[in-house]
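Listed here are the chains, written in short residue letters.
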Amino acid sequence: MGNQRVAGDIDARVSLAKDHTTDHAALYELASDPSAQVRAAVAARPDAPAQALRPLARDRDRTVREAVAKNPATSQGNLLRLVSDADRWVRWAVATNPACDARVRQVMVKAHDKELRGLLAEMRALEPDLAAILVDDTSPEVRERLASHTHDPDIISALLRDRTVRVRKGLAINEQTTKEQRHILAQDSSPDVRAALVRAVKLDEADLQSMLGDRSVEVRRSMATSAVTPPHIRQALENDADETVAEDARRYRGSQVADEPATAPRAAHRRAIGKRFPGKTTR
């Protein structure tokens, strides 16, 4: 291989770094290219040799380290280094890497970075012992994200006792809750929790009938406009004592007849709870 092969302008070297026919020897040389664009192109290759990724995990440029952090070919050792990187975008990228394993998650659960712990809380493969640690996380946001994503019935039961409303709202939208757990949420002291519940999941007939008389207009309006509310319950809401509830129920039925989506009432709007990997609008 010669230096001539990696000569040329930046675009040419980036193209060479991305070319699947470029051999490992050339990639190793491109990994030390003066241009961060070229080094990042090497770092992003899933077939990049370990000897090329190793120095790139310590690269001075954040975009290069982030590319390594996302690369499924990155070794566990490098992921362990990058999950503690000084730059948050690099740390968060590790959480999206399919090679992020139990040893890396053990580091994540102890991180000072709240967002990193939140990303951990949303992982389907989260170990029960780590989920149990997150149940007592100091951040309500982390506990909320765990509540809305966990599949573990014991973790759900523990979070039902959480005193923070936003955490129980997270449980309310979790489709993995049992009939008994939904019954508990249907009786929650917070109307925000009950409203989130009727918008998100199907309930037993007994709970639906009980919630027809819910003391909160907000909850009944949410039932009137929820896609999971059975037709007979919505029809009952058309005769609600509060005209806004009755009107919402009638409007929803009319929109269904016209095969158009119903417009949710402005007062019932809540910020959606879901997986939130931060966008890169600011850096």
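Residues numbered from 1 in each chain as written. Predicted model: local features only at pLDDT ≥ 70, side-chain atom pairs only at ≥ 80, totals over all residues. Heavy atoms only, no water.

Draft legend 1. Quick look at the side chain of Asp248. Relative to the assigned elements, Asp248 resides in helix H19 (residues 243-257). Here the side chain of Asp248 touches Arg221 through a polar contact of 2.6 Å, side chain to side chain. A distance of 2.8 Å separates a polar atom in the side chain of Asp248 from a polar atom in the side chain of Arg251. (Helix = DSSP H or I, 4+ residues; strand = E, 2+ residues; numbered from the N terminus. Polar contact = N/O pair within 3.5 Å; in protein donor to acceptor, adjacent residues only side chain to side chain.)

Draft legend 2. How the structure looks around helix H3 (residues 36-43). Along H3, 6 of the 8 residues are buried, which leaves the element largely enclosed by surrounding structure. Listing the buried residues of H3 in full gives Val38, Arg39, Ala40, Ala41, Val42 and Ala43. Two to three positions downstream of the cap, the backbone nitrogen of Gln37 sits 3.2 Å from a side-chain oxygen, assigning the N-cap of H3 to Ser35. (Buried < 20%, exposed > 50% of the residue type's maximum accessible area, 1.4 Å probe, protein only.)

Draft legend 3. Just the packing of aromatic side chains, in detail. Enumeration over the complete set of coordinates arrives at 1 aromatic pair. Residues Trp89 and Trp92 carry aromatic rings whose centres are separated by 5.1 Å and whose planes lie at 70° to one another, so their mutual orientation is edge-to-face. Residue Trp89 and its partner Trp92 are both found in helix H7 (residues 88-96); the two are separated by 3 residues, about one turn of the helix. As far as the burial class goes, Trp89 and Trp92 line up, both buried. Above the face of the Tyr252 ring, Arg234 is positioned so that its terminal group lies 3.8 Å from the ring centre. (Phe/Tyr/Trp six-rings, centres within 6.5 Å; stacked < 30°, edge-to-face > 60°. Lys NZ or Arg CZ within 6 Å of the ring centre and 35° of its normal.)

Draft legend 4. Local environment of the nonpolar core. Of all hydrophobic cores here, the largest spans 73 residues; its most connected members are Val42, Val104, Met108, Leu126, Leu134, Leu146 and Leu159. The greatest single-element share of this core, amounting to 6 residues, is contributed by H7. Aside from chain neighbours lying at most four places away, what touches Val42 is Ala17, Leu27, Leu30, Ala31, Ala48, Ala52, Leu53 and Leu56. (Core = buried A, V, L, I, M, F, W, Y, C linked by side-chain atoms within 4.5 Å. Contact = heavy atoms within 4.5 Å.)

Draft legend 5. Summary view of the packing of helix H9 (residues 114-121) against helix H11 (residues 140-149). Where H9 meets H11, the axes come as close as 8 Å, and the angle between the chain directions of the two elements is 10°. Classed by the angle they form, the pair H9 and H11 counts as roughly parallel. For the pair H9 and H11, the sense of crossing is right-handed. Of the residues in H11, those touching H9 at Lys114, Glu115, Arg117, Gly118, Leu119 and Ala121 are Glu141, Val142, Arg145, Leu146 and His149. Grouping the amino acids of the contact of H9 with H11 by side-chain chemistry returns 4 nonpolar, 2 polar and 5 charged. (Axes fitted to C-alpha atoms, helices over the stretch in contact; angles between N-to-C directions. Parallel < 35°, antiparallel > 145°, perpendicular 65-115°, else oblique. Left-handed = near helix turned anticlockwise from the far one by under 90°. Nonpolar A, V, L, I, M, F, W, Y, C, P; charged D, E, K, R; others polar.)

Draft legend 6. Representation of the confidence of the model for the protein within the structure. Taken as a whole, the protein shows an average pLDDT of 91; of its residues, 88% reach a score of 70 or greater. Counting interchain partners and residues more than four positions distant, the pLDDT-below-50 stretch residues 268-275 has 19 contacts. (pLDDT = per-residue confidence, 0-100.)

Draft legend 7. Layout of the packing of helix H5 (residues 62-70) against H7. H7 packs onto H5 with a crossing angle of 15° between their chain directions and a minimal axis gap of 7 Å. Considered as vectors, H5 and H7 are oriented roughly parallel to each other. Here H5 and H7 pass one another in a crossing that is right-handed. Of the residues in H7, those touching H5 at Arg62, Arg65, Glu66, Ala69 and Lys70 are Trp89, Val90, Ala93, Val94 and Thr96. Here the contact of H5 with H7 is composed, by residue class, of 5 nonpolar, 1 polar and 4 charged.

Draft legend 8. Highlighting the pattern of salt bridges. Tallied over the full model, the rule gives 24 salt bridges. With its nearest N and O atoms 3.5 Å apart, the salt bridge here joins Glu141 to Lys114. Separated by 27 residues along the polypeptide, Glu141 in helix H11 and Lys114 in helix H9 bring together distant segments of the chain. Judged by relative accessible area, which is 18%, Glu141 ranks as buried. (Salt bridge = Lys/Arg side-chain N within 4 Å of Asp/Glu carboxyl O.)

Draft legend 9. Expanded view of the environment of Val201. On the secondary structure map, Val201 appears in the loop between helix H15 (191-200) and helix H16 (205-211). Judged by relative accessible area, which is 4%, Val201 ranks as buried. With residues up to four places along the chain from it excluded, the contact list for Val201 reads Ala172, Asn174, Glu175, Arg182 and Val228.

Draft legend 10. Up close: the environment of Glu238. Note that Glu238 resides in the loop between helix H18 (231-237) and H19. You can call Glu238 buried: its relative accessible area is 12%. Once the C-alpha coordinates of Glu238 and Ala249 are considered, the two residues, 11 residues apart in sequence, prove to be 5.3 Å apart. In this view, Glu238 contacts Ala246, Ala249, Arg250 and Arg253; residues no more than four positions away in its chain are not counted. Engagement of the side chain of Glu238 in a polar contact is seen with the side chain of Arg253, the distance being 2.5 Å.

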